[in-house]
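# Structure assessment
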Amino acid sequence: MSSLAPRPTTLLFERAEVDQLDEVMAIMAGAFSPDYGEAWTRSQCAGIMPMSGVVLTLAREQASAEARGFSLLRTVADEAELLLIGVAPRFQRSGIGRALLDHFIAHSSGCGARRLHLEVRDGNLAAGMYRATGFAVAGRRHHYYRGADGSQFDALTLVLEPNQG
Ligand SMILES: CC(C)(COP(=O)(O)OP(=O)(O)OC[C@H]1O[C@@H](n2cnc3c(N)ncnc32)[C@H](O)[C@@H]1OP(=O)(O)O)[C@@H](O)C(=O)NCCC(=O)NCCS
């Protein structure tokens with residue numbers, strides 16, 4: 001067998017606290033283009049983290065302990081929202097985003113959420129991942145995102161009700 005065969009990657013999901021925000025912001029800066037205004041600032045992330053039901057998750061590669069992706073979610077009563085999800089560019093398209101999304105669905109369902117939602121910029125290729133997981137478009141928010149040059153972009157609101165068959 002070739003010694004160049006890729007090593008299997010094991011991801012660990014870790015609940016992150018404010019002192020892991022450096023790792024999150026490094027992934028955020030690489031993953032999100034400033035053209036669209038989808039990324040959050042460090043103070044926006046730090047500001048929401050103490051709120052009830054908010055969970056920041058880091059996906060780490062087990063062998064290297066390197067943080068490769070993150071998600072930020074909030075559960076409120078029987079609803080959950082995926083606020084952010086990002087994967088470091090050089091590790092994209094290897095299943096980490098889908099694993100984080102599955103983790104969001106499992107965590108939210110485990111907390112009693114019956115309706116999961118998120119916003120995604122109209123045109124963001126991440127929509128393919130959400131659709132493949134069963135999310136459906138439920139609405140549109142006009143001019144929801146504003147890019148660095150002032151351009152505005154619509155958001156689609158996507159919804160999943162995991163236990164509706
Ligand atoms: C969206 C994102 C988190 C997906 O992470 P990822 O690790 O690359 O995702 P996966 O490898 O699990 O891919 C899942 C599916 O998403 C879709 N997808 C993701 N990126 C895509 C791209 N650039 N082009 C086409 N489809 C894409 C595909 O359907 C893909 O499945 P496939 O590889 O079997 O075709 C990642 O691309 C990212 O960080 N993007 C920038 C930040 C962002 O836009 N976040 C979402 C809005 S909050």
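Going by the structure above, here's the rest.
In this report, we go over the structure that sits alongside the text. (Residues numbered from 1 in each chain as written. Predicted model: local features only at pLDDT ≥ 70, side-chain atom pairs only at ≥ 80, totals over all residues. Heavy atoms only, no water.)

What follows is about the side chain of Glu-81. Along the chain, Glu-81 falls in strand S4 (residues 79-87). Assessed through its relative accessible area of 15%, Glu-81 is described here as buried. Every residue in contact with Glu-81, bar those within four places of it in the chain, is listed here: Leu-72, Leu-73, Arg-74, Phe-104, His-117 and Glu-119. (Helix = DSSP H or I, 4+ residues; strand = E, 2+ residues; numbered from the N terminus. Buried < 20%, exposed > 50% of the residue type's maximum accessible area, 1.4 Å probe, protein only. Contact = heavy atoms within 4.5 Å.)

A few words now on the site of the ligand. Taken together, 18 residues lie near the ligand, and Val-87, Arg-93, Gly-95, Gly-97 and Asn-124 sit nearest. A distance of 2.8 Å separates an oxygen atom of the ligand from a polar backbone atom of Gly-97. Asn-124 is positioned such that a nitrogen or oxygen atom in its side chain is 2.8 Å from an oxygen atom of the ligand. Starting from 890 Å² of accessible surface for the ligand in isolation, the protein chains cover 74%. Going through the elements one at a time, S4, helix H3 (96-110) and helix H4 (126-133) are the ones with two or more residues in the shell around the ligand. Across the shell around the ligand, the residue classes tally to nine nonpolar, seven polar and two charged. (Near = heavy atom within 4 Å. Polar contact = N/O pair within 3.5 Å; in protein donor to acceptor, adjacent residues only side chain to side chain. Areas by Shrake-Rupley, 256 points an atom, 1.4 Å probe, with all protein chains shown as cover. Nonpolar A, V, L, I, M, F, W, Y, C, P; charged D, E, K, R; others polar.)

Under the criterion given, the structure shown has 14 salt bridges. Residue Glu-61 is joined to Arg-68 by a salt bridge in which the shortest nitrogen-to-oxygen separation is 3.8 Å. Residue class for Glu-61 comes out buried when judged on its relative accessible area of 4%. Residue classification places Arg-68 among the buried positions, given a relative accessible area of 12%. A salt bridge links Glu-119 to Arg-141, with the shortest nitrogen-to-oxygen separation between them at 3.3 Å. Separated by 22 residues along the polypeptide, Glu-119 in strand S5 (residues 115-121) and Arg-141 in strand S6 (residues 136-146) bring together distant segments of the chain. Bridged by salt links that share partners, the residues Glu-61, Glu-66, Arg-68 and Arg-90 form one connected network. (Salt bridge = Lys/Arg side-chain N within 4 Å of Asp/Glu carboxyl O.)

What follows concerns the environment of Ser-71. In this fold, Ser-71 is placed in strand S3 (residues 67-76). Under the relative-accessibility criterion, Ser-71 is labelled buried at 1%. With sequence-adjacent residues up to four places away left out, Ser-71 is seen in contact with Val-55, Leu-56, Thr-57, Leu-82, Leu-84, Ile-85 and Leu-100.

Inspection of the entire model under this criterion finds three aromatic pairs. On the basis of an interplanar angle of 70 degrees and a centroid distance of 6.1 Å, the ring pair of Tyr-130 and Phe-135 is categorised as edge-to-face. Residue Phe-135 is classed as buried on the basis of its relative accessible area of 4%. Aromatic side chains Tyr-144 and Tyr-145 sit 5.0 Å apart centroid to centroid with 90 degrees between the ring planes, which places their arrangement in the edge-to-face category. For Tyr-145, a relative accessible area of 9% gives the class buried. A cation over a ring is seen here: Arg-68 above Phe-91, with NZ or CZ 3.8 Å from the ring centre. (Phe/Tyr/Trp six-rings, centres within 6.5 Å; stacked < 30°, edge-to-face > 60°. Lys NZ or Arg CZ within 6 Å of the ring centre and 35° of its normal.)

Shape is all these values report; function is a separate question.
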